[in-house]
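# Close look at the chain arrangement
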Amino acid sequence: MAEGLESALAATAASYTGKDVVEMSASLESFDDSDLDIPDVDDVPTLESILNEPDDVFELDESELGLFSSHATESSQDAVSVSSTTSIDRTSPQKQRKKSSIMYAAHGSIIRHVMLKGISSQLVSAADRVDAGKPTAMAVSALIAIGTSHGLILVFDPKQALKWCLGSTAVGAQYGAVSALCVNNDCSRLLAGFAKGQITMWDLSSGKLLRTITDAHPPGSAVLHIKFTDDPTLAICSDSGGSVFELSFKRVMGMRSCESRCLFSGSRGEVCTIEPLHMNTSVKDHPLQDVSLVAMATLSKILIVTIKPKLQVLFTKPLKGDPTSLPLLTWQFVIIQVSDSARVIDPVLAFARGNTMYFFQVMCQDIANIKFAPLQKIELPYMLLNIAWFNSRTLVTVDTTERLHVIDVRTEEELEVIDLVDVELVYGTSYFKSLATGGNVSKALALAGEHACYQSIVSYTGQLLFVGTKSVHVMTMRTWKERIDLLVKQNKFKDALTVALSFYTGRAKAVVGLIGGQHKRKLAVADKILELLFTYVDLSLTQQCPERGTIEVLEHHFQEVVPLCVEYCLTLQRTDILFSTLYEKFSEDTIAKGVFLECLEPYILNDKLVSITPIVMKAFVEHYELKGMLQNVEACIVHMDVASLDIHQVVSLCWAHGLYDAILYIYNKGMGDYVTPLEELLTVLQAAIKSSKQLTDEQIKLGNKLLVYISCCLAGRAYPFGDIEENSVQTVKESVFKCITTLHTKKRSEDETAYPHLKTLLQFDTREFLNVLALAFEEPEFDSPEGMNPYTVQSRQHVVDILLQIMVESVGFTPTEIGCLFTFLARQMAKHENSIQVNRLLFEQVLEFLSNPDDESRHEERQQALLELLNAGGLQQVNESRLLTLAENARFFRVCELLYDRRREYYKILDCYLKDSARQHQAFFFVHGVMSEGFYTQEEKVALQDEVIKRLEELVTIDNKAMGQLILTDLTHPIDDIVAKLQNKPVVLYECLKGVVYHKEISGSAIHVREQTIIEPEVQEKYIELMCTYNINDVYTYIRNTENYRIEETLEIVRKYKLTNATAYLLEKAGDVQGAFRIMLETLQATVKSFIELASKNSEEKTDSDMALSFSSVHASVMVLVQLCQRNSTRLDETERQALWFPLLDLMMSAQRRIKGSISNTQFEEFKELTKHVLNSMMGYIALPAILQKTMQDPTYSSGKFGDMRELVLGMLDTYNYEKTLLKTTNSLLNHDLHWSLANLTVAANRGLVSKDDVCHVCNKPYTYPIEEESVLVFSCGHTYHLSCLHSVGSCTMIEGMQHWFCYQCNSNKRGSLRDRKKSLTQLSPTTTSPPTVKVASVKTGDKHAKSQEIQLETVQELALAHLKKSMKGPSRLAILSELSRANRGNPADKGIVSSDSILHKESFKLQLASPPLE
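A brief look at the structure comes next. These figures come from a predicted structure and were not determined experimentally.

### Section: the sheet that holds strand β15 (residues 271–276)
An order of β15-β16-β17-β18 is seen for the four strands of this open sheet, with the pairing classed as antiparallel. Across the chains shown, the open sheet's two edge strands, defined by having one partner strand only, are β15 and β18 (312–318). Within the sheet, the average angular offset between the axes of one strand and its neighbour, ignoring direction, is 20°. In this sheet, strand β16 (residues 292–298) lies alongside β15 in antiparallel orientation, the contact comprising five bridges. Each residue of the ladder has a partner; that of Glu 275, found in β16, is Ala 295.

### Brief notes about empty space enclosed by the protein
Counted under the stated rule, the structure contains five cavities of 30 Å³ or more. Here the largest cavity defines a volume of roughly 80 Å³. Lining of the largest cavity is provided by 13 residues; of these, Ser 179, Gly 428, Tyr 431, Tyr 454 and Gln 455 occupy positions nearest its centre. Classifying every residue of the lining of the largest cavity by side-chain character gives eight nonpolar, five polar and no charged.

### Remarks on helix α17 (residues 647–657)
Burial in α17 covers these residues: Gln 649, Val 650, Val 651, Leu 653 and Cys 654. Considering only its buried residues, α17 is in contact with α15 (614–626), α16 (630–637) and α18 (660–671). Taken from the residues just after α17, Gly 658 is the one with a positive phi, measuring 70°.

### Considering the pairing of strand β8 (residues 189–194)
Along β8, five of the six residues are buried, which leaves the element largely enclosed by surrounding structure. Sheet topology note: the strand β7 (residues 178–183)/β8 ladder contains five bridges and is antiparallel. Residue pairing in the sheet places Val 183 in a bridge with Leu 190 of β8. The antiparallel pairing of β7 with β8 creates a hairpin that spans five residues between the two strands, and Cys 187 there sits at a positive phi of about 60°. Across five bridges, β8 lies against strand β9 (residues 199–203) in antiparallel orientation. Paired with Gly 193 across the bridge in β9 is Ile 199. In this antiparallel pair of consecutive strands, β8 and β9, the connection spans four residues, and Gly 197 shows a positive phi of 105°.

### Quick notes on a negative patch on the surface
Taken together, the side chains of Asp 976, Asp 977, Glu 1016 and Glu 1018 define an acidic patch exposed on the protein surface. Looking at where Glu 1018 falls in the secondary structure, it is placed in helix α37 (residues 1017–1030). In this structure Glu 1018 comes out as partly exposed when scored by relative accessible area, which is 44%.

### A word on the nonpolar core
Counting residues in hydrophobic clusters, the biggest one holds 257 residues, and the most contacted among them are Phe 596, Leu 600, Ile 637, Phe 822 and Met 963. Top element by residues in this core is helix α41 (residues 1073–1096). It accounts for twelve residues. Those residues in contact with Ile 637 that sit more than four places away from it in its chain are Met 617, Leu 645, Val 650, Cys 654, Ala 662, Tyr 665 and Ile 666. In this structure, Cys 272, Ile 336, Met 357 and Phe 359 belong to the second largest nonpolar core, which totals 32 residues.

### Remarks on the packing of aromatic side chains
For the structure shown, the criterion picks out 26 aromatic pairs. Ring plane angle 70° and centroid distance 6.0 Å describe the contact between Trp 480 and Phe 503, whose orientation is recorded as edge-to-face. Of the two residues, Trp 480 is situated in helix α9 (residues 480–489) and Phe 503 in helix α10 (residues 493–505); the sequence distance between them amounts to 23 residues. Of the residues examined, Phe 503 reaches a relative accessible area of 6% and is grouped as buried. Centroid distance Phe 493 to Tyr 536: 5.3 Å. Interplanar angle 15°. Geometry classified as stacked. Within this pair, whereas Phe 493 is found in helix α10, its partner Tyr 536 is found in helix α11 (residues 518–541), the two being separated by 43 residues in sequence. According to the relative accessible area criterion, Tyr 536 is buried, its value standing at 6%. Here Arg 268 stacks its cationic end above the ring of Phe 264, 4.8 Å away from the centre of that ring. Residue placement shows Lys 522 over the ring face of Tyr 504; its charged tip is 5.1 Å from the ring centre.

### Considerations on helix α21 (residues 729–740)
For α21, built from twelve residues, the straight-helix expectation of 16 Å at 1.5 Å per residue is met to within 8% by its first-to-last C-alpha distance of 17 Å. Among all positions in α21, only Val 729, Val 732, Lys 733, Glu 734, Val 736, Phe 737, Cys 739 and Ile 740 are buried. Of the surrounding secondary structure, the elements contacted by the buried residues of α21 are α19 (676–690), α20 (697–714), α22 (756–764) and α24 (796–807).

### With respect to the pattern of salt bridges
Evaluation of the coordinates by the stated rule reveals 34 salt bridges. Between Glu 413 and Lys 509 there is a salt bridge, with its nearest N and O atoms 3.8 Å apart. Remark: Lys 509 occurs in the loop between α10 and α11 and Glu 413 occurs in strand β26 (residues 413–419); sequence separation between them is 96 residues. Overall, Glu 413 belongs to the partly exposed group, its relative accessible area being 29%. By relative accessible area, Lys 509 is classed as buried at 16%.

Conventions and cut-offs
Residues numbered from 1 in each chain as written. Predicted model: local features only at pLDDT ≥ 70, side-chain atom pairs only at ≥ 80, totals over all residues. Heavy atoms only, no water. Pairing = 2+ DSSP bridges. Helix = DSSP H or I, 4+ residues; strand = E, 2+ residues; numbered from the N terminus. Axes fitted to C-alpha atoms, helices over the stretch in contact; angles between N-to-C directions. 1 Å grid on protein atoms, 1.4 Å probe; cavity = no way out; pocket = protein on both sides within 12 Å on 5 of 7 lines; lining within 4 Å. Points joined across faces, edges and corners; volume = space filled by probe spheres on them. Nonpolar A, V, L, I, M, F, W, Y, C, P; charged D, E, K, R; others polar. Buried < 20%, exposed > 50% of the residue type's maximum accessible area, 1.4 Å probe, protein only. Contact = heavy atoms within 4.5 Å. Patch = residues over 30% accessible without salt bridge, like charges linked within 9 Å, V, L, I, M, F, W, Y side chains within 5 Å. Areas by Shrake-Rupley, 256 points an atom, 1.4 Å probe, with all protein chains shown as cover. Salt bridge = Lys/Arg side-chain N within 4 Å of Asp/Glu carboxyl O. Lys, Arg positive; Asp, Glu negative; His and termini not counted. Charge placed at Lys NZ, Arg CZ, Asp CG, Glu CD. Core = buried A, V, L, I, M, F, W, Y, C linked by side-chain atoms within 4.5 Å. Phe/Tyr/Trp six-rings, centres within 6.5 Å; stacked < 30°, edge-to-face > 60°. Lys NZ or Arg CZ within 6 Å of the ring centre and 35° of its normal. Expected span 1.5 Å × (residues − 1).

Written out as structure tokens, the structure is:
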């Protein structure tokens, strides 16, 4: 075996001697590697750096990492570029294409891809030098076994040295290529399957052949899979016939044997892949440890069976997919969270086909209770070639374009894509087609086998091995540090920090090497992140810093670096590093320092950074002060811990620049003083108010802030946000309340008034300050009998007395402000009846003050104050009549409206609206609301309606359209009454009716006709008459678009005002077409006369614009007349039509003669075009000979040359040709339609009838029954009867003297319906008097017209039927087609001529066609 290979390698003629492996190994030492051209493998690197197991790993050094790519360094190999996927033929994955791997920045490079250089070089050398063949299959354990296409098995140790060469080329010629390999758990046995069906077992410790199995499965099929189970004496294999066999290895009396048992027959569907479950040695005492589970997959289903302790099918599931794809299987033990505190370790089967993967959990409580639970389903955007587990959370898939995808199973996220185009994967297509044994496989298996890649990808202890046609590759997952370091080596610091942060937060996927508890893991990652930050900052300040450029370039550079450092330091909670080491580094550069300080602002405002060292804070304030951005400093200060601030520096800065929020915050938080800043700021506001100047925006902002501050303090809230400490709330409330209600300030001046703080706040904004007091009065401290605290804070009553003393007993407050005070008092008195007492005389004084009729100033302001006071209930003691009198005298209409509403005198409210110029238009909404709501009584509605009628003129003047809507929708008074009331005021009446008509038009609907409002004809005519007076230009349009007026009366009106267009329209509407035509013709004559007179003037007396204007008038009149003639020509006879068209044509021709030569050629051509338009329009209604005769009589053409009438004649000929073509085409279409109808009738008449049954459907006897001569009737529905049976049940009738039969069975449910009865008749021709008879061989034929009893209709029924036929009678479609066809079958010379009595001469059949226009 091995000696044969060695002899071949030495080019000697020695034959196989059968010596043991030890001797052959010794002889191997005598060969020189250089003679054999085999590379030296003594120093070949191992896979130790990429395997996670301490024992039996493959060693390799760092130089090995770059062999897979065209570059020579690890960084170049692992830093795969993100590129778009190149399309490739799915059936030809080896086709040359551009590599397209993808590395996602969020995850970095997860997979380390290396080529085993030692093994690969030996495979290439063996294939080239000794014809060992190319790799075909691979198995991996502590050793790597690779089968070749010439039947050899090369076994390599962990150092990539060739340990065994099993088999020989001679055996390979007999057995074929190695198609499947498998190594048992302890790496002591190797099973090999071959393309011609043989199976061999080898001892890997000695290299001996232990078994050659030739009868394990039917001959003539290749071994596709061979797998050891956990039991070393039990294996599973499958062949290209689709069958699965159990192989049981035994040794009795030193003799090795193998027993085979068929587990699944390929006749029930070919099994494409098998995968036994191997127990994880780290899982102790699992219930499945004594069970041998095997998953099998056919092209249509998944099966899971147990072969130990007994053969049993546990699970099946249909599996669908692309017919060109194979099913895939892989097992993995996974930790599954079953509850918040419980986890289990169970095997999970991942199976897939096409682009869909499924995951099922195996749950086992005991051997007798094994269940399968679905966990997940993943749809992928590509077709699968193979799948394998990296670990319990990470799965890899290989698609049909040979790209490897790393997938996180839990989130279904794709982590990385690696292109395997350089691997040149080995495919097992020839074995699935069983080419070595004649190709006796099914077409389905042969088609799917194009993508068979089971034996070239092997997963082993967290690594993936790929065998290609010339190389072996290994992929492992990088540790978390290696992923970060690789990005750093590629100078991708941002990506490295992003990946590191994902490790820190626990969001990273496919994590390897990060062990320990959560805290320990975070510490390890945090140290790594800080290391990265230091390196990144150093490089940013030195090597990566732009050497040249503007300040903007440097700022942009540091704006990309500094925020990153701040963000990560805050995430790690390492502000000590941020404000020490990193700040010192950035302080070396002035621009970097400024960017660093400005970068802190957003984190401070978001409360992510609340404490800054004094040194940094000082630099922060100085930097913003230098840039004039102190408002930003103020916003930041109120979010920071005061202990980190230089109080003296910050307070001085705030007072100097008016940073009031910061002042309040520092005093409150830093010193616990809530009163001092309030007193100081109130003094500033007081000075601004006393200056008698308009307050600036800053001063208004200060006042608003003080109001909010006072409100927060009295409510126990901190300013500008948060809460006051619980033990200080009471003290703060008392001190602030005492401050604002103090009688005098600490620094009292001689001219200081009493209660200066309260007065200042009231003068700044009375309404808002009183709202602040109202909120304070709701606090629980004011509910005690003595108020908050009788010794330190005033009670409600005392505060009210102070307010009255300040505002009522002194001057300087506006009516609005006083009204706000008393409104506030009224509301507080209503809420706290027993705690607040106010002299009611004060309310009387306020009422007199607000409603003083002699004071014209601030009228609206005083009215609003009185309204608020009234709504608050402050005037309950005042007599309502007196209050109403005062309001009327003061012209407070809104107050009057409120009082009238209380008294339900709604008709008086209308007067308030009409007197109030600002609210006059609201009167209509008020009236509509009252009239449409059910809340109001009928008497109230009538009173309001009467008031509306009285004030009708005013309402119309305000808005006639709104008034029209009220008249039509809300008022019950007839429109006639309204017209009579306004009869003496025609202008107002016209506007009123105009509003009514407008609302009718916009509310009308052609769909909802019943909802339209109908206006009486008399009203319509009155409106038309008024329109003739005030808006005469709209009369014609209105008459055309409106109905419901009397024509005679309206005609009299428009004649009175000489409206020709309206008169003509009404005459036409009344049926007097000639009268309408005469009026319009007179108008046209006058217009043409004016045009001719203008044309006859000298060129100095006329202008082009005058001519154009005059011609446009002629053109418009002609168009109106043409339309009039066209509308009415269809209803007139030939003579009447000529009486309309010819006068118009005469006028146009006469005018054309008169203006010829007196106007320009362009103008004359335009006039001729107008005449041609008249001719073109009349050709559709007047016979062409008549037009030609009329034209020839015209002097213009009768005395001229042919050229003068050439255009007219040619135009008529064109019209004739057009109509001739149209008629010819129509005849052709009708003949085709007639032929189609007759052809269908012929087919229907010649169609044979088939009987449904062999019996008569009346007597139930066979119609072949030999009785007397009898006729049998078969209907088109398939029912068959004896003729006598139909007579007996009365299934016949007489129609137009002919006997007709109908099916008794079909007509039984439709009796009485003549139309349904006709549907069941079978009638071969119009003259058939009986249905067709069918002659049966066994029946003697008789007379076709057998005697039968006629069914007679009653006289009344016959008369009714005759009347129905007469009323419905008309030419049938077939008759029309026949008539048209007959016209073409006569004399060819007369073809197309229809006789005078034809139905085609009826008016309904005439085509109203217009000829094409004359050119």
